[in-house]
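Fold and geometry: a report
Spelled out, the chains give:
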Amino acid sequence: MLIVAKDRSFPAHFTKNLNFGTQTIFFRMRTKLVAGNWKMNTTPEEGQKLASEVVNMVKDELNREVQVVLAPPFTHLHQVSRLIGDAKHISLAAQNVSEHEKGAYTGEISVGMLKAVGVKWVILGHSERREFFKESNQQLAKKLDAVLAGGLQPIFCCGEPLEIREKEDQNGYVQRQLEESLFHLSEEQMRKVVIAYEPIWAIGTGKTASDDQAQEMHAHIRQQLAGKWGQNLANEIRILYGGSVKPDNAKSLFAKPDVDGGLVGGASLKSRDFMDIIKGAV
Ligand code: PGA
């Protein structure tokens, strides 16, 4: 997407300026983002190896603006944060966080704890958290508040199960997820959110949504955002696709006008594959 704007009151991921002699034109476009969700995989040693390979590949091979995010398990965050250091293009995410600030919540991790080890992003509402840990849209609304209040950026996941897709109810289903978790946010808060559309039937199954199915849902999501916050804001929000993204399908998915990158599970555990997916966003 490319819009020519008169001023530059937009977030950094959204503005490019080109100088034509005396005239500067600001191009408004969404910088692509590719996030690797390692889930509950890798030992600390394996994680260290994987993260340093990705950091080096990104340094050597990425010459265009793409944001890369690594989401290792909690126990690896500190070490991966140090490996990333001040590397250009790469930042760190957690896979979950508590909605509480502190206190008697055995086993939980707070926003403050994540910030202290260099985390910038938090994946919220992944379908595995919804399914296995019963996270509801309402609880996710609270987690979003905590993440945004703490100055981190959420990657908010949504997406329908197979039986809903078979009934062709996916638009209403995803719309409800957005309404119940996001629609209380102010415009300023919403600007910080990245959305990941992950049809559950495509996660870890090797079955990807077709480029057109992804585009159709992403356009629907953007339309919901426009209805709530206006078209300008909707044009700024990045919507990632997730679900069996691989090196051989990334490029055509990311080429769709409303697909602004990907949330990658299995293929992010192999540095070469992950790097080839990142290059699909260039
Ligand atoms: P997958 O996982 O790429 O292994 O399908 C995607 C995700 O769960 O974020």
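Residues numbered from 1 in each chain as written. Predicted model: local features only at pLDDT ≥ 70, side-chain atom pairs only at ≥ 80, totals over all residues.

On to the overall build of the protein chain. Helix and strand counts for the protein chain come out as 12 helices and 11 strands. C-alpha extents for the protein chain along the principal axes are approximately 60 × 45 × 40 Å. Buried residues in the protein chain amount to 40% of all 282 residues. Across the protein chain, the fraction of contacts at a sequence separation of at least 24, relative to all contacts at a separation of at least 6, is 68%. (Helix = DSSP H or I, 4+ residues; strand = E, 2+ residues; numbered from the N terminus. Buried ≥ 20, exposed ≤ 12 C-beta atoms within 10 Å, placed from the backbone. Contact = placed C-beta atoms within 7 Å.)

For the rest of this paragraph, the subject is the site of the ligand. Around the ligand sit 13 residues, and of these I203, G204, G242, G265 and G266 come closest. Looking at the shell around the ligand residue by residue, the class counts come to 5 nonpolar, 7 polar and 1 charged. (Near = placed C-beta within 6 Å. Nonpolar A, V, L, I, M, F, W, Y, C, P; charged D, E, K, R; others polar.)

Counted residue by residue, strand β5 (residues 66-71) has 6 buried out of 6 residues, so it is predominantly covered. Judged from the 6 bridges that link them, strand β4 (residues 32-37) and β5 form a sheet pairing that is parallel. Paired with V34 across the strands is V68, a residue of β5. Taken together, β4, helix α1 (residues 44-61) and β5 form a β-α-β motif whose crossover is right-handed. Of the strand pairs in this sheet, β5 and strand β6 (residues 90-94) are connected by 3 bridges, and their pairing is parallel. Counterpart to V69 in the pairing with β6 is S91. Regarding the hand of the β-α-β motif, the stretch spanning β5, helix α2 (residues 77-84) and β6 is right-handed. (Pairing = 2+ DSSP bridges. Right-handed = clockwise from strand over helix to strand, strands pointing away.)

Time to look at the environment of N249. With respect to the helices and strands, the residue N249 is situated in helix α11 (residues 247-254). It is 14 Å that separates the C-alpha atoms of N249 and G265, two residues lying 16 residues apart in sequence.

So, about the confidence of the model for the protein chain. Summing up the model confidence of the protein chain, the mean pLDDT is 92 and the portion of residues at 70 or higher is 90%. Here residues 1-10 is a poorly scored stretch, pLDDT under 50, and it has 19 contacts once near neighbours within four places are set aside; other chains count. (pLDDT = per-residue confidence, 0-100.)

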